[in-house]
Every structure is written in structure tokens, then in C-alpha cells.
Amino acid sequence: MFDGYDSCSEDTSSSSSSEESEEEVAPLPSNLPIIKNNGQVYTYPDGKSGMATCEMCGMVGVRDAFYSKTKRFCSVSCSRSYSSNSKKASILARLQVTGKPPTKKAKVLQKQPLVAKLAAYAQYQATLQNQAKTKAAVSMEGFSWGNYINSNSFIAAPVTCFKHAPMGTCWGDISENVRVEVPNTDCSLPTKVFWIAGIVKLAGYNALLRYEGFENDSALDFWCNICGSDIHPVGWCAASGKPLVPPRTIQHKYTNWKAFLVKRLTGAKTLPPDFSQKVSESMQYPFKPCMRVEVVDKRHLCRTRVAVVESVIGGRLRLVYEESEDRTDDFWCHMHSPLIHHIGWSRSIGHRFKRSDITKKQDGHFDTPPHLFAKVKEVDQSGEWFKEGMKLEAIDPLNLSTICVATIRKVLADGFLMIGIDGSEAADGSDWFCYHATSPSIFPVGFCEINMIELTPPRGYTKLPFKWFDYLRETGSIAAPVKLFNKDVPNHGFRVGMKLEAVDLMEPRLICVATVTRIIHRLLRIHFDGWEEEYDQWVDCESPDLYPVGWCQLTGYQLQPPASQSSRENQSASSKQKKKAKSQQYKGHKKMTTLQLKEELLDGEDYNFLQGASDQESNGSANFYIKQEP
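Because the structure is predicted, anything quoted here is derived from the model rather than measured.

Points about the overall build of the protein
Then comes step 1: Helix and strand content of the protein: 14 helices and 31 strands.
Then comes step 2: Put simply, the protein has 630 residues, and 47% of those count as buried.
Then comes step 3: For the protein, contacts bridging at least 24 residues in sequence account for 63% of all contacts bridging at least 6.

Digging into the sheet that holds strand β10 (residues 232-233)
Then comes step 1: The strand order β9-β8-β7-β6-β10 describes an open sheet built from 5 strands, whose pairing is antiparallel. A single partner strand is all that each edge strand has here, and the edge strands are β9 (222-225) and β10.
Then comes step 2: The pairing of strand β6 (residues 179-183) with β10 spans 2 bridges and is classified as antiparallel. Paired with Glu181 across the bridge in β10 is His232.
Then comes step 3: Sheet contacts for helix α5 (residues 145-152): β7 (194-203), β8 (206-211) and β9; angle to β9, the most-contacted strand, approximately 130 degrees.
Then comes step 4: The sheet strands contacting helix α7 (residues 257-265) are β6 and β7, and the helix crosses β7 at an angle near 30 degrees.

Here's the deal with the packing of aromatic side chains
Then comes step 1: This structure, assessed with the given rule, holds 29 aromatic pairs.
Then comes step 2: Relative to Phe373, the ring of Phe287 has its centre 5.5 Å away and its plane inclined at 85 degrees; by these criteria the two rings are edge-to-face. Of this pair, Phe287 sits in the loop between α8 (275-282) and β11 (291-297) while Phe373 is found in the loop between β17 (366-367) and β18 (391-395), placing the two residues 86 residues apart along the sequence.
Then comes step 3: Under the relative-accessibility criterion, Phe373 is labelled buried at 7%.
Then comes step 4: Relative to Phe447, the ring of Phe443 lies with its centre 4.3 Å away and its plane at 10 degrees, an arrangement referred to as stacked.

A look at the nonpolar core
Then comes step 1: Ranked by internal contacts, the top residues of the largest apolar core, which has 70 residues, are Trp171, Ile226, Cys227, Phe275, Phe494 and Ile526.
Then comes step 2: Counting contributing residues, this core receives three or more from each of domain 1 (174-271) and domain 4 (498-563).
Then comes step 3: Not counting the four nearest positions on each side in its chain, Trp171 is found in contact with Val159, Thr160, Gly204, Tyr205, Ile226, Cys227 and Phe275.
Then comes step 4: Listed in part, the 56 residues of the second largest apolar core include Trp385, Ile419, Phe433 and Ile520.

Side note on the pairing of β6
Then comes step 1: Buried residues dominate β6, accounting for 5 of its 5 residues.
Then comes step 2: As paired strands, β6 and β7 are joined by 5 bridges and run antiparallel to one another. Note on β7: the bridge partner recorded for Pro183 is Phe194.

A few points about the pattern of salt bridges
Pairs can form between side chains of opposite charge once their charged atoms are near each other.
Then comes step 1: All told, the structure shown has 30 salt bridges when counted by the stated rule.
Then comes step 2: With its nearest N and O atoms 2.5 Å apart, the salt bridge here joins Arg409 to Glu425. Here the residue Arg409 occupies a position in strand β19 (residues 403-411), and Glu425 occupies one in the loop between β20 (416-421) and β21 (433-436), the gap between them amounting to 16 residues.
Then comes step 3: Using a relative accessible area of 24% as the deciding quantity, one classes Glu425 as partly exposed.
Then comes step 4: Within the structure, one salt-bridge network assembled from shared partners comprises Asp297, Lys298, Arg299, Arg303, Arg305, Glu323, Asp329 and Lys354.

Conventions and cut-offs
- Per chain, the residues get numbers from 1 upward, laid out in the order the sequence is written.
- At least 70 in pLDDT is required for a residue's local features to be given in this predicted model, at least 80 for side-chain atom pairs to be given and counted, and no such filter applies to totals for whole chains, interfaces and linings, which use all residues.
- Side-chain metrics rest on all non-hydrogen atoms present in the structure, leaving aside hydrogens and water.
- Note on conventions: DSSP H or I runs of at least 4 residues are helices, E runs of at least 2 residues are strands, and numbering of each starts at the N terminus.
- Whether a residue is buried, partly exposed or exposed follows from its accessible area with a 1.4 Å probe, protein chains only, as a fraction of its type maximum: under 20%, in between, or over 50%, in that order.
- In what follows, residue pairs with any heavy atoms lying within 4.5 Å of each other are defined as contacts.
- When DSSP finds two or more bridges between a pair of strands, those strands are recorded as paired.
- Only C-alpha atoms enter the line fits that serve as axes; for helices the fit covers just the stretch in contact. Angles between N-to-C directions range over 0 to 180 degrees.
- Ring pairs shown here join Phe, Tyr and Trp side chains whose ring centres sit within 6.5 Å, with only the six-membered ring taken for Trp; geometry is labelled stacked below 30 degrees between planes, edge-to-face above 60, and tilted in between.
- Residue types Ala, Val, Leu, Ile, Met, Phe, Trp, Tyr and Cys, when buried and joined through side-chain atoms within 4.5 Å, form a set referred to as a nonpolar core.
- Each domain's limits were defined by an automated method or a database of domain assignments.
- We define a salt bridge as a contact between a side-chain nitrogen of Lys or Arg and a carboxyl oxygen of Asp or Glu at a distance within 4 Å.

Geometry only, nothing functional implied.
As C-alpha cells, then:
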């Protein structure tokens, strides 16, 4: 295991020459007689006696202030660059600008008044400062999960919570104190060398690593993606013939590093030998460009359309509607999303479908095999089943922060239902949406009350507080039987406060930094960091639109960082404002209070509430629905 250890020493001696410690200053315009020397700037207005020209950059100044004995260069930087490859580039650039190469003879600048020269220099310095501020502002906006978690002591959801994500089902017991072999960045050798590091903290795919030998010293701790190509199990260097070299900072601590490693690593855990192979295999996706699917029409939720897979990133599909001539009319979703189906699905279950104007498939396009799509649980519709007109509670797909009073508008085949939000439905039913009977996004009457969630009543309903019994009697409706709903609660592992990366389902091309703020059995309340609570979304714990920390980095998808106060105020025509507009469409009425648990219902229809824990962190099944007594 330790044959890869290389005891070669590095030349860590530092040069005593002032050349190594001298700070480089940004180059100044050639039209100013400015000399850089030991960090100071000299201005000579006369431009006459004792002048010299830098052979590297062409700057003219007082000879005594030039660098080196020969006074050929204006600074250490130019002296070093003269003998490097940048000399040729600099001379070519100078030829292009002035048409003349730099000469060894001193040139006398055109005389200018002292005030003008000082003003020009002051303006130049101001420009440099502005550029520095601009660069600093840009770098401040760069987002790092490691810094974000460290500075706030956050906890990320473990990879095992995301079965659809790479390594979600084969993560194993990767945890703190697992050892890996990683590149040694504290090294001045010309070749790439490695050293052993231990996991100090895990955050999704990201791990905070500390080189062996640093003990409790966190000075050189660093974050990396554990699924990255430079992370290897202990023993990989020996098998690959790569050198193990201790970091320069601690090289003096031990004389026998091989013995140190044997002692430290005996009994320690490392990654499985085939870890990188498993990562690669878990990132192979069966969906390919040019495949045709049926997907929900984002403008009319009640129907589906044909779309073509344009690209696949980490299992997420960019679908372009088949009739889009410029290929900009697209829709993003995961390949396991319940919103996509095989060609012919709509006809098979009786779902509305928009026929394409394209009479035949375009060259290269082909139908996606049906077995690639997510399977839904089989249900028995022969006995007691959902009926049109039954009432229930459902997550509003156009305002995912709310659970609303809803009605079953149509019963389709294979357990699918068309649902409408009471008080907000279009006359033609164009805003009905399709949920399967086992969907975790629909709930029996009383679910919100039992779990202390605010239920959004029908728009315009004035009899407050909203009472289900009164509403059912007024509308002449019945509640959908509780036993027909999905009551399975998996051991998902999520906890309140955990960080993750989540799709903004109101703008599904965006994946944002997010937090779990509530857990109602299998239902998660997802908050987008930096945004108001009105943008929160209710999402199922097994939703394919949730990802571990580091997923975007691993797959190459762009992550949206937490919104700052200024971005929230100034982000005009942004996706978030689009979402707010959609949200406000359903907020024309004042938010209503839910049923009060202490209030007794009228006689005649008895509802016994089985109290379930709200925001509980325990997993497993629970009685949290209303039980209807005969």
C-alpha cells in the first residue's frame, strides 16, 4: 500500500535576493515618466537628464531609479519577463501599438506641464482602483458550498436521501475519518504528486479534507467533490506508480513518513476500490438526444404535447416541443419526472393531447422506449374508487407554496385523475392537472388541519374561518375516501435545516441553493436561500427535483447561489419575478385560517381526527389523515 511513498525532498529554501520578495506593481501607461522601484512611484516632470528606457515594456524614466546594475529594466517584473517567452509577445504587442520596437537608447518624452502629468497619473490610479473594486465585487458573488457551510455551520442532506442521484443507492458507509489519496497542493515539485487526507466533514458529495500529519491544524483544510477524478482510495498511488509526498508545511515533523502512514492507516477506512467505476456507471443515462416523449404542455396543464430530448445533464432533460421552429420553446425536467411519458400514453389513459402539426417524424428522431419511464404503482379501480366531484386537498402546481381545496374533475385510466383548484379554475378546464392516485401531492380532506399547515380556501369564499364540513354541505359534495390515498412514508433521512440543491419548479431550468424548513412525514417544505417564504415549495421526499450538495458541480449544471438583498430588489424581468406573478395570481384574496382543532363539527357526519406529529423528524408510516367513521 505504501510502495507509492516517495521520500524525495523538495527544495524549500527561499532566495535571499530581494528579487523574490519584491511586490509586482501593475504596469503603468508608457506615456507617463513613472518609475517603479521597491513599491514606490517616482514622477519626473522634466524628462531630460539621466533618462533610460525599459527594454521590456518601453517605459521611460530616471536612470538612477531603474532596476539592476545595467539599468536596463524599470522593475523586477520586466527583468524577469525579458528572458522568458513573454518577451517576444511584449515586443510584438509594442510593434502593433507604436510601430516601433523598444530601443536601448533613452527617449525623451514630450514635455508636459507638471500639473497635467500629475493629473494624468491621478486619473490612472483612480482607474486601477475602480477596476480592483469591480473585480472584488465579482469574486464576492462567486458561490462556494464549502465556505457557505463552514461560515454558518450548516448541515447538508446525505447523498443516500437522493435515490435518483449518482451514487444515491451505492454510497455505502462513506463518512468522516475515511481516508483518501488526493493531489498534494502544498508542494513545489514540477510533477503532480499525492498525499493522504482524511474526511473531516461531509456535505452531500463535498468533503472537507485534511492532510495526514496536520493533526488538529486546519490551516490547509480544503473542500472537494468526493466523486471527482482526483480522489482515490488509499493504495491507488502504489498501484498506479504515483509518488506520495508529504506537504511541505509539515515535512520536518517526521523523519520516517512511511512508518507514520502505517501507524495512522492501520484499521482506517477508505473508498471501495471500484468507487470511481461506480461513479461513472451511475452517471450513465438511458435517455439520449433526439428521443421523442409526451410531456405536459407548460401553457395548458390539462394536456400533453410531443417534445424531443435536446440534451441530457445529470439525468435532467432539456425537452424542446416538436413544433418549435427555433428550438427555444423548451421544458426542463428529470428523466424520472411524472410529467413525461412514452408516445401514446395520453391516448391510452384518455388524457387530453395536442396533436402536432408535424405529420411525420423528423430525420433522426425516434420514440423513447416505454420501459425507460418511471413506473407508477398499480391500483385496483374495480372497487371503491375516486369519483368526479369528490373533494380533496392538493398542492397547486401553479403556486407550489400552497395546498388548496381541490376537486376531482375527471377519472382517467390506470389510476390517473384530473384535478382542479376550487375557485381558480378556467371555464374550459385548461388549468386542470393530472395526478396519479398514489401521488404524494394530493391529500384527503383535513390533512392540512391535522398537520397544522395553512389550507388555501377557494378564491372568493367568504365564510371564514374555512370549515370543510360547511363547505361540503354548501357545495353538495363528498370527500374522497381516506383509504384511497397513499399513506406510505419511506425512511427518507431528511431533517429540518438540511441544505441541498433544488429545482425551482416555477422556472424548472434553475437549480438553487435550498433548505428543508418543514417535514410532514414524506412532505418537505423547501426554502430557496435568500428569497422570501412566498417562494417556498412543497415537494415530496422522493422528488427527482432534489439533489445533494455538490450535484451541480459533479454534473456540470449551473447552480443558482443564494439571492442577495440587492439582487432581490433589482432583478427585473427575472425568473423569480415571473414566479411571483404566477404566485400572486392565486393570492387575490386574503389568506384564510384553517380549521381549529378544538372546534367541534356539526352532528350527522362524524370525523375522528387521528393526531399525527407535525414537522416530525421520524420516518416510517404514521396515522396523520382523517378517519371517516361509518
